[in-house]
Number of protein chains: 2
Amino acid sequence: MSNREIPYKIYLEENEMPKQWYNLRADMKTKPAPLLNPGTGAPMTADELSHVFCEDLVAQELDNDTAYFDIPEEILSFYKMYRPSPLVRAYCLEKALGTPAKIYYKFEGNNTSGSHKLNSAIAQAYYAKKQGLKGVTTETGAGQWGTALSMACAYLGLDCKVYMVKVSYEQKPFRREVMRTYGASVVPSPSMDTEVGKKILAEHPGTTGSLGCAISEAVEVATTHEGYRYVLGSVLNQVLLHQSVIGLEAKAALDKYDIKPDVIIGCAGGGSNLGGLIAPFMRDKLLGKADYRIIAVEPASCPSFTRGVFAYDFCDTGKICPLAKMYTLGSGFIPAPNHAGGLRFHGMSTTLSQLYHDGYMEAVSVEQTKVFEAAEKFARIEGILPAPESSHAIKVAIDMAEECKKTGEEKTIVFGLTGTGYFDLVAYEKFHNGEMTDYIPTDDELSQSIATLPKV
Amino acid sequence: MSNREIPYKIYLEENEMPKQWYNLRADMKTKPAPLLNPGTGAPMTADELSHVFCEDLVAQELDNDTAYFDIPEEILSFYKMYRPSPLVRAYCLEKALGTPAKIYYKFEGNNTSGSHKLNSAIAQAYYAKKQGLKGVTTETGAGQWGTALSMACAYLGLDCKVYMVKVSYEQKPFRREVMRTYGASVVPSPSMDTEVGKKILAEHPGTTGSLGCAISEAVEVATTHEGYRYVLGSVLNQVLLHQSVIGLEAKAALDKYDIKPDVIIGCAGGGSNLGGLIAPFMRDKLLGKADYRIIAVEPASCPSFTRGVFAYDFCDTGKICPLAKMYTLGSGFIPAPNHAGGLRFHGMSTTLSQLYHDGYMEAVSVEQTKVFEAAEKFARIEGILPAPESSHAIKVAIDMAEECKKTGEEKTIVFGLTGTGYFDLVAYEKFHNGEMTDYIPTDDELSQSIATLPKV
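Keep in mind the model is a prediction, meaning the values are calculated, not measured. (Residues numbered from 1 in each chain as written. Chains lettered and ligands numbered in written order. Predicted model: local features only at pLDDT ≥ 70, side-chain atom pairs only at ≥ 80, totals over all residues. Heavy atoms only, no water.)

Enquirer: I tried to follow the interface of chain B and chain A on my own but got confused; where do I start?
Expert: Taken together, the contact between chain B and chain A spans 44 residues of the former and 44 residues of the latter. A buried area of about 4000 Å², summed over both sides, lies between chain B and chain A, and 58% of it is on carbon and sulfur atoms. By the criterion of area lost to chain A, the three top residues of chain B are F174(B), T181(B) and Y422(B), representing 17% of everything that side buries. Viewed at the interface, chain A and chain B are joined by two salt bridges. When the shortest N-O distance is used, the salt bridge between E429(A) and R176(B) registers 3.1 Å. Mapped onto the side of chain B that touches chain A, the elements with two or more residues apiece are helix 3 (73-82), helix 6 (144-156), helix 8 (173-181), helix 15 (368-382) and helix 17 (425-432) of chain B. (Contact = heavy atoms within 4.5 Å. Buried area = accessible area lost by both parts, 1.4 Å probe. Salt bridge = Lys/Arg side-chain N within 4 Å of Asp/Glu carboxyl O. Helix = DSSP H or I, 4+ residues; strand = E, 2+ residues; numbered from the N terminus.)

Enquirer: What is the right way to read the domain arrangement of chain A from this model?
Expert: Interface extent is often summarised as the accessible area lost during association of the parts. Residues and elements named next belong to chain A. Domain annotation of chain A identifies domain 1 (21-70 + 117-230) and domain 2 (82-114 + 238-450). On a C-alpha basis, the centres of domain 1 and domain 2 stand 21 Å from each other. Across the boundary between the two partners, domain 1 contributes 56 residues, which contact 54 residues of domain 2. At the junction of domain 1 with domain 2, the criterion picks out one salt bridge. (Domains from an automatic or database assignment.)

Enquirer: Teacher, can you tell me more about the relation of the copies chain B and chain A here?
Expert: Comparison of the two chain copies shows a relationship of rotation about an axis with a shift along it. Mapping chain B onto chain A is achieved by rotating through 180° and translating by 0.0 Å along the same axis, at an RMSD of 0.0 Å. Interpreted geometrically, this transformation is the action of a two-fold axis. Taking the C-alpha atom as reference, chain B places N110(B) closest to the rotation axis, 3.0 Å from it. Interface overlap between copies is the fraction of interface residues in one copy that are interface residues in the other; for chain B against chain A it reaches 100%, indicating a shared surface. (Least-squares fit on C-alpha atoms with pLDDT ≥ 70 in both.)

Enquirer: I keep staring at the sheet that holds strand 6 (residues 135-140) of chain A and nothing clicks. Help me out?
Expert: Within a beta sheet, neighbouring strands are joined by backbone hydrogen bonds and run either parallel or antiparallel to one another. Residue and element names in this part refer to chain A. With parallel pairing, four strands are arranged side by side in an open sheet as 8-7-6-9. In the strand order of this sheet, the two ends are held by strand 8 (185-189) and strand 9 (228-230), each with one partner. The sheet shows a mean angle of 25° between the axes of neighbouring strands, direction not considered. Bridge count between strand 6 and strand 7 (residues 159-165): six bridges; the pairing is parallel. Bridge assignment links T137 to a residue of strand 7, and that residue is K161. Contacts between helix 6 (residues 144-156) and the sheet are confined to strand 6 and strand 7, with strand 6 contributing the most and set at about 160° to the helix. Along the sheet, helix 8 (residues 173-181) contacts strand 6, strand 7 and strand 8; its crossing angle with strand 7, the most-contacted strand, is approximately 170°. (Pairing = 2+ DSSP bridges. Axes fitted to C-alpha atoms, helices over the stretch in contact; angles between N-to-C directions.)

Enquirer: I keep staring at the packing of helix 17 (residues 425-432) of chain A against helix 8 of chain B and nothing clicks. Help me out?
Expert: Between two packed helices, both the angle of their axes relative to each other and the distance between the axes serve to describe the pair. Where helix 17 of chain A meets helix 8 of chain B, the axes come as close as 9 Å, and the angle between the chain directions of the two elements is 50°. In terms of orientation, helix 17 of chain A and helix 8 of chain B fall into the oblique class. As for the relative orientation of helix 17 of chain A and helix 8 of chain B, their crossing is left-handed in sense. Contact residues: helix 17 of chain A offers L425(A), V426(A), Y428(A), E429(A) and H432(A), while helix 8 of chain B offers F174(B), R176(B), E177(B), V178(B), R180(B) and T181(B). (Parallel < 35°, antiparallel > 145°, perpendicular 65-115°, else oblique. Left-handed = near helix turned anticlockwise from the far one by under 90°.)

Enquirer: Would you explain the nonpolar core in this entry?
Expert: A general feature of soluble globular proteins is that nonpolar side chains tend to end up buried together. With 248 residues, the main nonpolar core has I265(A), M361(A), I265(B) and M361(B) as its most contacted residues. Residues in contact with M361(A), not counting those within four places in the same chain, are L274(A), I278(A), M282(A), I294(A), A296(A), F305(A), L352(A), L355(A) and Y356(A). (Core = buried A, V, L, I, M, F, W, Y, C linked by side-chain atoms within 4.5 Å. Buried < 20%, exposed > 50% of the residue type's maximum accessible area, 1.4 Å probe, protein only.)

Enquirer: Sorry, what's going on with unusual backbone geometry here?
Expert: A negative phi angle characterises most non-glycine residues, just as the trans form characterises most peptide bonds. For the peptide bond that leads from S189(A) to P190(A), omega is 5°, which places it in the cis range. Note on placement: P190(A) falls in the loop between strand 8 and helix 9 (195-203). Here the bond from R83(B) into P84(B) is cis, since omega is -5°, no more than 30 degrees from zero. Counting through the fold element by element, P84(B) comes out in the loop between helix 3 and strand 4 (87-89). A positive phi is found at D258(B), a non-glycine position, where the angle reads about 60°. Residue placement: D258(B) occurs in the loop between helix 11 (237-256) and strand 10 (263-267). Even without being glycine, K319(B) reaches a positive phi, approximately 60°. You can see K319(B) is positioned in the loop between strand 12 (309-314) and strand 13 (323-328). Looking at K319(B), the relative accessible area reads 40%, which means it is partly exposed.

Have a look at this one:
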């Protein structure tokens, strides 16, 4: 009966929206390991980091103690243009699956960037503007982050230069035009614009690129141009901080209806969505207030949690970034080009890596054809055409709901629907034409790329 | 002060959503003229129409008296997956324009079809299913209607065959894949599948098609295949009825905050969005309860209201449909292929035509380069990348807000933001590259196509 009272979409009121971001690290007993200077092996100082990142963001990056950060008024205003995002009760999916499970998803796709990425893009652009910078550089994989940053920069009047992973640039031709609408310049990576790009192209001619390559290029440009800094859409602590707005809203919506989730599922590339979604739930877990199963879902073709090692590694292929202690496949790992589903990063957020290492969360990997099957099923039943990245979480949520059907368990499942697939139609087309294949790296391949880890 | 209390987005609660559609015709003193049988010149009977349309829809089409129709429970459930849609206060746009005007838009783009079309698609698919049909056929121009119908049919398990205007099929390659995700078959029109398609291709080799052609093909297929009926995304009375959910929600949201609009602006192709948006406001006007300026915005390249004639004409190029009394450019009129912005129909809803004829609303036409300028401005300020169709309304709303800046008037402007432009990036690209041109038909051209009107 109480179920009937839960609407299809739970929206918070504007005045119920979070006014602070939550910093998960403050409540972790074992803090994530610090970033290291690859030259000296010493922890990166604020001063060193501020050559790459904006000052306020450096402070957020290094702060393992402050639990809550006020969201600046200007960012709150921007959030109000597209937030709160709905927490959707997947009544139709439950009915179609015939499951006793209760399924909810936090849908972050109702904005033009098409994903949750806008939550951190506006924050990072805001701090760049506050510092009086001319512009920012970044990389983008699937294109959501680049679009989000372009939107934020257009809003604030900042210059925006985006290095886009070549395979995505080619598979998503219209992404470029969206970014152009927002006044950004977009370069396929690796490019001949940068020293690191030239080097990567010389070593791997014809490479389809990776987030790692594109990061190297964007960082090089930021650090060699006056008035520019680099911004990143995932992996970093600051990004997880900003993305906590997802989880805080989701938890507030659940609390409003007195719903206690059993399982929280999110896709994981660098960890931005997952870290944001789980933040307040993980807080309960860290403080012993509640227990939840928390599951990271990654692609079988880029399985950093499930087949990587927990060690210091470069965040970028060009090895110009600081070292981060994380689950990694080695910074030389480049996912197979047939992998269309995003989440192509070789490493993982240091915060999430530490939590996973300490047993606070689980991880599974799924193959992309299964992911697209789940995506199509979801689209037909729930109406929304999901991003391939988000569909990793859908796949595991559906599997779990089907398992509940067998066992009769009335589990409450919450997953993150990070975005829409409107710019992923080339991948959907391949799937429809039966041209999509799976790729799972062999143990030998992984050993080889893991062998390139730096000695620390 | 009271402004500050109005949120960026006004969402109705689920239980505040309309439970009935409103039929504008019930309150019109002069009813729209009946559809005529092109052979006999007599009004089309329910029996005749039911060869083309589903029975319940025929009843809705012909009913000029019933003011409110209950929305069936199954349609209400479907609506709850993506409705209510937000009524957005364009605070950022107001600020950027420096206008004292208050601007609101009803945003219908937050669903995978990308527009308001889903409101009628689910209704029409529902009645087809209820009648025990196998499937439906339709035409689509920009692709939103086809996508919407595909989604509705997938949800209900109906077959769906879509004839897509060739120029859109080519300009929006990914639309096909979205529809395919939802299990529809999509054919570029004119095609060699139908007799009427063959005839049009013989007479106009290399034609880029029009909604009129595509309608002819879809109707032919529906009437020659057992268990199929034709459904249409605009123009018809039944569509305006279903789309009244837009206006009813918008008015309920405005009423909630005691906001009285001065002007209501909507883009107009066949009239589905405009007729839906204005429905309850027009009711006030018809009943003498309130007055509003109501403005239809159409493309200068397809100006049925502003340069057409009010007369009986065919709804389709192939001249197999009933005759409708409407503002029309002649059923032989095919908009210039350089016109990328949708709204390509030669005629207009009979209901809206009658209201316009009787002086209840105004109409203006705008050129497409100006429309895309407004679209880009809007995207950068309000975040949302608008559909070119919707951007016709944006253009006029911005012009009016700028006029208010000059005069100091604090007008309250409400416009319909019917959808998103994620599948219109080819058009945006042309605009960015300076390759977009305007086209305004000459008086001679219009006289020539208007000369083809049937004698009634």
